[in-house]
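Each chain is listed here by its residues.
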Amino acid sequence: MKQIFEKTKALNDKPFHYCPGCTHGIIHRILGEVIEELDILAKTIGVAPVGCSGFMEQYFNIDFQGGAHGRAPAIATGIKRALPDKVVFTYQGDGDLASIGIAEAIHAAARGEKFTTIFVNNGIYGMTGGQMAPTSLVGQKTATSPMGRDAALAGYPLDIPLIMSTIRGAAYVASVSVDTPQNVLKAKKAIKKAFQVQIEGHGYSFVSVLSTCPTNWGMSPTESLDWLRDNLGTYYTLGELKSPEKTRSV
Amino acid sequence: MSNMKKKKDFYVTIDEDLCKGCMICVSVCPTETLSMSKNPNKKGYYPAIQHAPVACIGCNKCALMCPEISIRVFKGQPLHQEAI
Amino acid sequence: MKKYFMKGNEAIAEAAIRANCLMYFGYPITPSTEIIEYMAAKLNKVGGTFVQSESEIAAMFMVFGASGAGKRVMTASSSTGISLKQEGLSYMAANELPALVVNIMRTGPGLGGLGPSQADYFQATKGGGHGDYRLIVLAPSSVQEMADLIMDGFDLADIHRNPVMILADGVLGQMMEPVVFRDAAPVSVDKSWATTGADGRERNVITSYSLQNEAGEKKSLYLEKKYNQIKESEQRFESYLMDDAEYAFVAYGTSARIVKGAVDELREQGHKVGLIRPITLWPFPEKAFQSVLDQVKGYLVVEMSAGQMIEDVKLTVNAKAPVEFYSRQGGITPQHNEIIEKYHSVFQGGGVIA
């Protein structure tokens, strides 16, 4: 017998602490596979967020830094400017990137900082118990929008990959989902391309990954994948929004 | 049971200590080779099992979707024909 | 050594570069702006990296990242901008990351004004950021000291793995004086803890997060021990005419310069006075006081604030002698005659200056 699916060497043996069905596990795995397949394990430095994945460094066999909520792109800027030949990434949830850290995210892209951001968007604040996020949908019930998000009071969700794609310094912007095996493979491809864009020195690369939060959505893991597809997946722009070959040269 | 003609043998192993019983693997499996065990693991989750390895087509969908990376996929036949 | 005539802010930037600090992240704010502009003009010419960040917060965390990657790095700001950096300073101390942070103080609270101030003493020495941590705080009193303490500061930061703050004010930042740059000879320390890519070694993690209280206490005790060691070994001060002083002034930075003039004038009039000038504000130079506790009959603290360092003086003097206070605030600097008048009023039974 021959093993045709095995765990990436980028991840260690520690069991994930995430909730049953949480897609962080899938995204960590494809991220790890990309790092291993690109043969950059020894030169990659990750920057962890504050959120459910605030302990993500525990699972990866690479150098990691972790700072304050939202500030990962600033930290990554410091690391990459200090060590330009290393590969640097941030991994951030919707509170970390789209709320408190929006300035750091946009300006890192604007400056064309040569690191990669993986944006994990599940339209809710998981770690702190399910409050509304800047990416929560109108009508979505959360701990701080118990009657459903009211656009009159709380405005509309931010389509972050769409916003990032308008920034000239962003060389690669993709928006993917992990709701089906086929989409998981597409997501992995996008993440791999994002890292390649960094390695080739084109500029800032960004991959938004639509994800689930079964616990705070109040659904089973399989129901969550369906809700993701039918709701977040229909509101947010998906696809490869920007890439070096698609960008017009000046 | 699937109508697909299977030429090769495949099977999966699921680490029952890592499985959190999320059932995503069962929901994506195209040949219904997976189901949930009636016995809880050490943490109280009911893990997934491959009750019918003979139906496995090695498509990797379960392994691709497992958030705990508890599934390994193999070409060939398992050592025991019953569920692993 | 060549003598230059420079602004305090420029001397800080030049000294940093000579101390092998080739990375600068910052945001402009008066009266510290010359520092970022000097860095913008010079760093790229010497193979360094300059980034103007989107905010003082972002700059602080860029410093975090670069420091964690093993580099000497600096940022500078003023008062309200330093308020923004407090979270970052707490994180840097928690992660034992070395760096220089310069505060060219302006008035507050709030947006305040552009005049000089010493009202960030509490913020610098008592926290400002959350949790039990300390910054090593250095207070220059001349353009020469702006340069010297930067070089010392980088060494202290590396040796003790802690952020170091230079606490100056707008007068020092803007004034021009002769300055000589010594041979920096930066200390060489082991930075194998830095995140440089886990190539042939165990991977490194720079985080300060734990959900286990036992681990938290262990970390706190470790840091406490480190800070106690620094308290013991790094106190710096100047004792001016203190050998036979009956009354002691206590002042730092720009206030100390002005007080020195007042001390000289009083000495000419026959008063036995001296000045204790803290150079480290943290650790507070208790040793400067211990040697004269039995000798000094009264202390007069002069600050450009509502009274911040005076609390540490009182703690140190521990009621052995009265501790009086004189200040000007809002950007106004105290004058010799005012200080002398106050001295007479509190220690010489009032009356007009002789």
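Quick note: structure is the one above.
Residues numbered from 1 in each chain as written. Chains lettered and ligands numbered in written order. Predicted model: local features only at pLDDT ≥ 70, side-chain atom pairs only at ≥ 80, totals over all residues. Heavy atoms only, no water.

**A closer look at the overall build of chain C**
Part 1: Looking only at helices and strands, one finds 13 helices and 15 strands in chain C.
Part 2: Expected size for 354 residues packed as a compact globule is a radius of gyration near 20 Å; at 21 Å, chain C falls within 12% of this value.
Part 3: Counting only C-alpha atoms and orienting by the principal axes, one finds that chain C spans roughly 75 × 50 × 40 Å.
Part 4: Taken across its 354 residues, chain C has 59% of its residues classed as buried.
Part 5: Excluding contacts between residues fewer than 6 apart, the proportion of contacts in chain C whose partners are at least 24 apart in sequence is 78%.
Part 6: Split by element, the accessible area of chain C, about 13900 Å² in all, is 48% carbon and sulfur. (Helix = DSSP H or I, 4+ residues; strand = E, 2+ residues; numbered from the N terminus. Rg over C-alpha atoms; globule rule 2.2 N^0.38 Å. Buried < 20%, exposed > 50% of the residue type's maximum accessible area, 1.4 Å probe, protein only. Contact = heavy atoms within 4.5 Å. Areas by Shrake-Rupley, 256 points an atom, 1.4 Å probe, with all protein chains shown as cover.)

**Structural notes on the nonpolar core**
Part 1: Counting residues in each nonpolar core, the largest one holds 125 residues, and the members touching the most others are Met74, Ile150 and Tyr299 of chain C.
Part 2: With 60 residues, the next largest nonpolar core counts Val120, Val178, Val207 and Val209 of chain A among its residues. (Core = buried A, V, L, I, M, F, W, Y, C linked by side-chain atoms within 4.5 Å.)

**Observations regarding the sheet that holds strand 7 (residues 163-169) of chain C**
Residues and elements named next belong to chain C.
Part 1: Strand order in the open sheet formed by seven strands is 3-2-4-5-7-6-13, and the pairing between neighbours is mixed. Each edge of the sheet is formed by a strand with only one pairing partner; in this case those strands are strand 3 (49-52) and strand 13 (280-282). Between one strand axis and the next, the sheet turns through 20° on average, direction left out of account. (Pairing = 2+ DSSP bridges. Axes fitted to C-alpha atoms, helices over the stretch in contact; angles between N-to-C directions.)

**As for the packing of helix 1 (residues 24-37) of chain A against helix 7 (residues 181-199) of chain A**
Residue and element names in this part refer to chain A.
Part 1: Running from N to C, helix 1 and helix 7 point in directions that differ by 45°, and their axes come no closer than 9 Å. The angle between the axes of helix 1 and helix 7 places the two elements in the oblique class. The chirality of how helix 1 crosses helix 7 is right-handed. Along its contact with helix 1, which presents Ile26, Arg29, Ile30, Leu31, Glu33, Val34 and Glu37, the element helix 7 presents Val184, Ala187, Lys188, Ile191, Lys192 and Phe195.
Part 2: Broken down by class, the residue content of the contact of helix 1 with helix 7 amounts to eight nonpolar, no polar and five charged. (Parallel < 35°, antiparallel > 145°, perpendicular 65-115°, else oblique. Left-handed = near helix turned anticlockwise from the far one by under 90°. Nonpolar A, V, L, I, M, F, W, Y, C, P; charged D, E, K, R; others polar.)

**Here's the deal with the packing of aromatic side chains**
Part 1: Following the criterion strictly, the structure yields 25 aromatic pairs over all chains and no others.
Part 2: Pairing Phe115 of chain A with Tyr204 of chain A gives two aromatic rings, centres 5.5 Å apart and planes at 85°, and the pair type is edge-to-face. Here Phe115 of chain A is found in the loop between helix 4 (102-110) and strand 5 (116-121), whereas its partner Tyr204 of chain A is found in strand 7 (residues 204-210), with 89 residues between them in sequence. Take Phe115 of chain A and Tyr204 of chain A: they sit in the same class, and that class is buried.
Part 3: Ring plane angle 70° and centroid distance 6.0 Å describe the contact between Tyr343 of chain C and Phe347 of chain C, whose orientation is recorded as edge-to-face. Of this pair, Tyr343 of chain C and Phe347 of chain C both sit in helix 13 (residues 336-347), separated by four residues, roughly a single helical turn. Both residues of the pair, Tyr343 of chain C and Phe347 of chain C, belong to the buried class.
Part 4: Within the aromatic cluster, the residues linked to one another by ring pairs are Phe60, Phe64, Phe89 and Phe195 of chain A.
Part 5: A cation sits over an aromatic face here: Lys260 of chain C above Tyr240 of chain C, 5.1 Å from the ring centre. (Phe/Tyr/Trp six-rings, centres within 6.5 Å; stacked < 30°, edge-to-face > 60°. Lys NZ or Arg CZ within 6 Å of the ring centre and 35° of its normal.)

**A word on unusual backbone geometry**
All names here are of chain C.
Part 1: Following Gly108, the chain continues to Pro109 via a peptide bond in cis, the omega torsion being -5°.
Part 2: The omega angle of the peptide bond from Trp282 to Pro283 is 0°, so this bond is cis rather than trans.
Part 3: With respect to the helices and strands, the residue Pro283 is situated in the loop between strand 13 and helix 11 (286-290).
Part 4: In this structure, Ser79 takes a positive phi of about 40° despite not being glycine.
Part 5: Locating Ser79 in the fold gives a position in the loop between strand 4 (73-77) and helix 4 (80-84).
Part 6: Positive phi values are uncommon outside glycine, yet Glu96 reaches one of about 55°.

**Some points on the interface of chain A and chain B**
Part 1: Each partner contributes residues to the interface: chain A has 28 residues there, and chain B has 26 residues.
Part 2: Summed over both partners, the interface of chain A with chain B buries about 2300 Å², with 70% contributed by carbon and sulfur atoms.
Part 3: Looking at the side of chain A facing chain B, the largest losses of area belong to Ile4, Phe5 and Pro181 of chain A, adding up to 26% of the total buried there.
Part 4: Across the contact surface, chain A and chain B share zero salt bridges. (Buried area = accessible area lost by both parts, 1.4 Å probe. Salt bridge = Lys/Arg side-chain N within 4 Å of Asp/Glu carboxyl O.)

**Quick word on the environment of Pro221 of chain A**
Part 1: With respect to the helices and strands, the residue Pro221 of chain A is situated in helix 9 (residues 221-235).
Part 2: Sequence-wise, Pro221 of chain A and Gly148 of chain A are 73 residues apart; in three dimensions their C-alpha atoms are separated by 21 Å.
Part 3: Pro221 of chain A has contacts with Pro20, Gly21 and Pro214 of chain A together with Cys22 and Ile24 of chain B, leaving out every residue within four places of it along the chain.

**Some details on the pairing of strand 2 (residues 44-48) of chain A**
Residue and element names in this part refer to chain A.
Part 1: Burial analysis of strand 2 places five of its five residues in the buried class, which makes it a mostly covered element.
Part 2: On strand 2, burial covers both faces: Thr44, Gly46 and Ala48 on one face and Ile45 and Val47 on the other are all buried.
Part 3: As paired strands, strand 2 and strand 4 (residues 87-93) are joined by four bridges and run parallel to one another. Across the sheet, residue Thr44 finds its bridge partner in strand 4, namely Val87.
Part 4: Here strand 2 runs beside strand 3 (residues 63-66); their pairing, made up of four bridges, is parallel. Bridge pairing in strand 3 links Ala48 to Gly66.

**Let's talk about a positive patch on the surface**
Part 1: Positive charge collects at one region of the surface, where Lys2 of chain A together with Lys7, Lys8 and Lys75 of chain B lie side by side.
Part 2: Looking at where Lys2 of chain A falls in the secondary structure, it is placed in strand 1 (residues 2-5). (Patch = residues over 30% accessible without salt bridge, like charges linked within 9 Å, V, L, I, M, F, W, Y side chains within 5 Å. Lys, Arg positive; Asp, Glu negative; His and termini not counted. Charge placed at Lys NZ, Arg CZ, Asp CG, Glu CD.)

**Observations regarding the sheet that holds strand 8 (residues 239-242) of chain A**
Part 1: Strand order in this open sheet of eight strands is 8(A)-6(A)-7(A)-5(A)-4(A)-2(A)-3(A)-9(C), and the pairing throughout is mixed. Bordering the open sheet on either side are strand 8 of chain A together with strand 9 (205-206) of chain C, each of which pairs with just one other strand.
Part 2: In the sheet, strand 5 of chain A pairs with strand 7 of chain A via six bridges, with the strands oriented parallel. Directly across from Ile118 of chain A, in strand 7 of chain A, lies its bridge partner Val207 of chain A.
Part 3: Lying on the sheet, helix 3 (residues 56-68) of chain C is in contact with strand 3 of chain A together with strand 9 of chain C; it crosses strand 3 of chain A at an angle near 155°.

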